[in-house]
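Residues per chain, in single letters:
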Amino acid sequence: MTSPDLRTLPKAELHLHIEGTLEPELAFALAERNGVTLPFADVDDLRRRYDFEDLQSFLDLYYACMAVLRTEQDFTDLATAYLERAAADGVRHVEMFFDPQVHAVNGVPVDVVIDGLRAGLDIGRERFGITGGLIVCIVRDHPVASAEALLDEIAPRAHELLGIGLDSAEVGYPPSLFEGVFRRAAELGLRRVAHAGEEAPAAYVWEALRLLEVERVDHGIRSIDDPELLAHLAEHRVALTVCPLSNVRLRAVPELSAHPLRELVDAGVVVTINSDDPSYFGGYIGDNYAAVASLGFDTAELAQLAANSIEASFADAGRKADLLAQVREWAASA
Ligand SMILES: Nc1ncnc2[nH]cnc12
Ligand SMILES: [Zn+2]
């Protein structure tokens, strides 16, 4: 039997930083359009620096490149370019992270970012049939007061957002710092997710669950070190948004074959597959599914991972039922 085309498997992408889809070519085009000077000679020079030692070494480059994003049109162009690639990878629903505190440092108001990304999502829906929304991320190594000020700013537009997340440098910035911020976000009607257990230990995942009351955990791979936590995640069906190629590139795991994905699935955890920052990590979501297939996951298991992504999404019940039927159809014909 030939292996099925994983790019036609209908799926949701639940862990995607839209700024992490900025390809070097677009970065230089936007730099020129906006009169911003990037600290790299050219596209090839920038790509050569995509050799990361850890999360922080990646974040340094990632935040530097974000300086080219200035106008509403820039954010629309960025989102549209991603959605076109995502559509080719079988993505039918996407929940997109963005980092307004970093854009604010560059003088870009959060309204510009939201307007630009929402226009991109509208194009994605019309052109590619992709549904989805935005998850505003708190940059955890900025002061808590800055996160609180951001909530003040977005409060009137909370109904235009799906949720709140927590990202950036993890170790030393535990979820507990943001308990009040997340409580207020919940009062605004935002769904809650957080990066936890990417580089930091399982204790950060417990904090995200107990103090931030998250509905999904982003990465969460260090949960593997805590059997009680694994049992809790499985029992309560709290999904992990796992990003295998990211974990390899940022050396959260020594190599793909050492990834704890199989153990997480065997423990009964609801695992989903995602790309994180695909421009920087050598692969979009289709490449991540292909990496999982190379670990020995069979067609039925890959279809189950896609079904998990739909079930764990914040799509409405009708959309979920429709997409789950599409996954079943794919599996039956694979
Ligand atoms: N993998 C990651 N972890 C934490 N913050 C991020 N921001 C963008 N990518 C990230
Ligand atoms: Zn991430």
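A brief report on the enclosed structure follows. These numbers were taken from a predicted model, which means no experiment stands behind them.

Looking now at unusual backbone geometry. Most peptide bonds take the trans form, and the phi angle of most residues other than glycine is negative. For Ser168, which is not a glycine, the phi torsion comes out positive at approximately 80 degrees. On the accessibility criterion, Ser168 (7% relative accessible area) is buried. In the Ramachandran plot, Glu213 falls in the positive-phi region, its phi being about 55 degrees despite a non-glycine side chain. Position of Glu213 relative to the elements: it lies in the loop between helix 9 (202–210) and strand 6 (216–219).

Another aspect to go through is the coordination of the zinc ion (ligand 2). Taken together, the protein ligands of the zinc ion (ligand 2) are His15 (NE2), His17 (NE2), His195 (NE2) and Asp276 (OD), with distances of 2.1 to 2.3 Å. In this structure, the zinc ion (ligand 2) is coordinated by four donor atoms arranged in irregular fashion, with angles at the metal of 83 to 174 degrees. By relative accessible area, His17 is classed as buried at 4%.

The local shell around ligand 1 consists of His17, Leu55, Phe58, Leu59, Tyr62, Asp167, Ser168, His195, Glu198, His219, Asp276 and Asp277. Between ligand 1 and the protein, one listed contact pairs a nitrogen atom with a side-chain N or O atom of His17 at 3.4 Å. A distance of 2.7 Å is found between a nitrogen atom of ligand 1 and a side-chain nitrogen or oxygen belonging to Asp276. In the complex, the protein chains occlude 100% of the 260 Å² of accessible area that ligand 1 would expose alone. For the shell around ligand 1, the leading source of residues is helix 3 (residues 55–65), giving four residues. Partitioned by chemical class, the residues of the shell around ligand 1 number four nonpolar, four polar and four charged.

Attention now moves to the packing of aromatic side chains. To describe a pair of aromatic rings, one takes the distance between the centres and the angle between the planes. Following the criterion strictly, the structure yields nine aromatic pairs and no others. Plain terms: the ring middles of Phe52 and Phe281 are 6.3 Å apart, the flat faces sit at 85 degrees to each other, and that makes the pair edge-to-face. Of this pair, Phe52 sits in the loop between helix 2 (43–48) and helix 3 while Phe281 sits in the loop between strand 8 (271–273) and helix 13 (285–294); the two residues are 229 residues apart in sequence, bridging distant segments of the chain. Per residue, the accessibility class of Phe52 equals that of Phe281, and both read buried. Cluster of aromatic residues (ring-pair linked, three or more members): Tyr50, Phe52, Phe58, Tyr62, Tyr63, Tyr280 and Phe281. Of note, Lys11 hangs over the ring of Tyr289, and the distance from its end group to the ring centre comes to 5.0 Å. Sitting over the face of the ring of Trp206, Arg210 holds its NZ or CZ atom 4.1 Å from the ring centroid.

Another aspect to go through is the nonpolar core. Formed by 110 residues in total, the largest nonpolar core has its most connected members in Tyr82, Met96 and Phe98. When sequence neighbours within four positions are dropped, the list of residues in contact with Phe98 reads Ile18, Glu19, Val110, Val113, Ile114, Leu117, Leu134, Ile135, Val136, Cys137 and Leu161. Of all hydrophobic cores here, the second largest spans six residues; its members include Phe97, Ile135, Leu162 and Phe314.

Another aspect to go through is the sheet that holds strand 6. Read across the open sheet, the eight strands follow the order 1-2-3-4-5-6-7-8; overall the sheet is parallel. At either margin of the open sheet sits one strand with a lone partner, and together these are strand 1 (11–17) and strand 8. Between one strand axis and the next, the sheet turns by 25 degrees as a mean value, whatever way the strands run. Bridge analysis of strand 1 against strand 2 (residues 91–98) gives five bridges, and the strand direction is parallel. When the sheet's bridge partners are listed, Ala12 is paired in strand 2 with His93. Of the strands in this sheet, strand 3 (131–139), strand 4 (163–167) and strand 5 (191–196) are in contact with helix 8 (residues 179–187), which crosses strand 4 at around 160 degrees. Packed on one face of the sheet, helix 14 (residues 299–311) meets strand 1 and strand 8 and runs near 100 degrees to strand 8.

Definitions and limits used
Residues numbered from 1 in each chain as written. Chains lettered and ligands numbered in written order. Predicted model: local features only at pLDDT ≥ 70, side-chain atom pairs only at ≥ 80, totals over all residues. Heavy atoms only, no water. Buried < 20%, exposed > 50% of the residue type's maximum accessible area, 1.4 Å probe, protein only. Helix = DSSP H or I, 4+ residues; strand = E, 2+ residues; numbered from the N terminus. Donors = N, O, S within 2.8 Å, 3.2 Å for Na, K, Ca; no water. Tetrahedral: all angles 85-135°; square planar, octahedral: opposite > 155°, others 65-115°. Near = heavy atom within 4 Å. Polar contact = N/O pair within 3.5 Å; in protein donor to acceptor, adjacent residues only side chain to side chain. Areas by Shrake-Rupley, 256 points an atom, 1.4 Å probe, with all protein chains shown as cover. Nonpolar A, V, L, I, M, F, W, Y, C, P; charged D, E, K, R; others polar. Phe/Tyr/Trp six-rings, centres within 6.5 Å; stacked < 30°, edge-to-face > 60°. Lys NZ or Arg CZ within 6 Å of the ring centre and 35° of its normal. Core = buried A, V, L, I, M, F, W, Y, C linked by side-chain atoms within 4.5 Å. Contact = heavy atoms within 4.5 Å. Pairing = 2+ DSSP bridges. Axes fitted to C-alpha atoms, helices over the stretch in contact; angles between N-to-C directions.

By themselves, these are just geometric observations and shouldn't be taken as functional.
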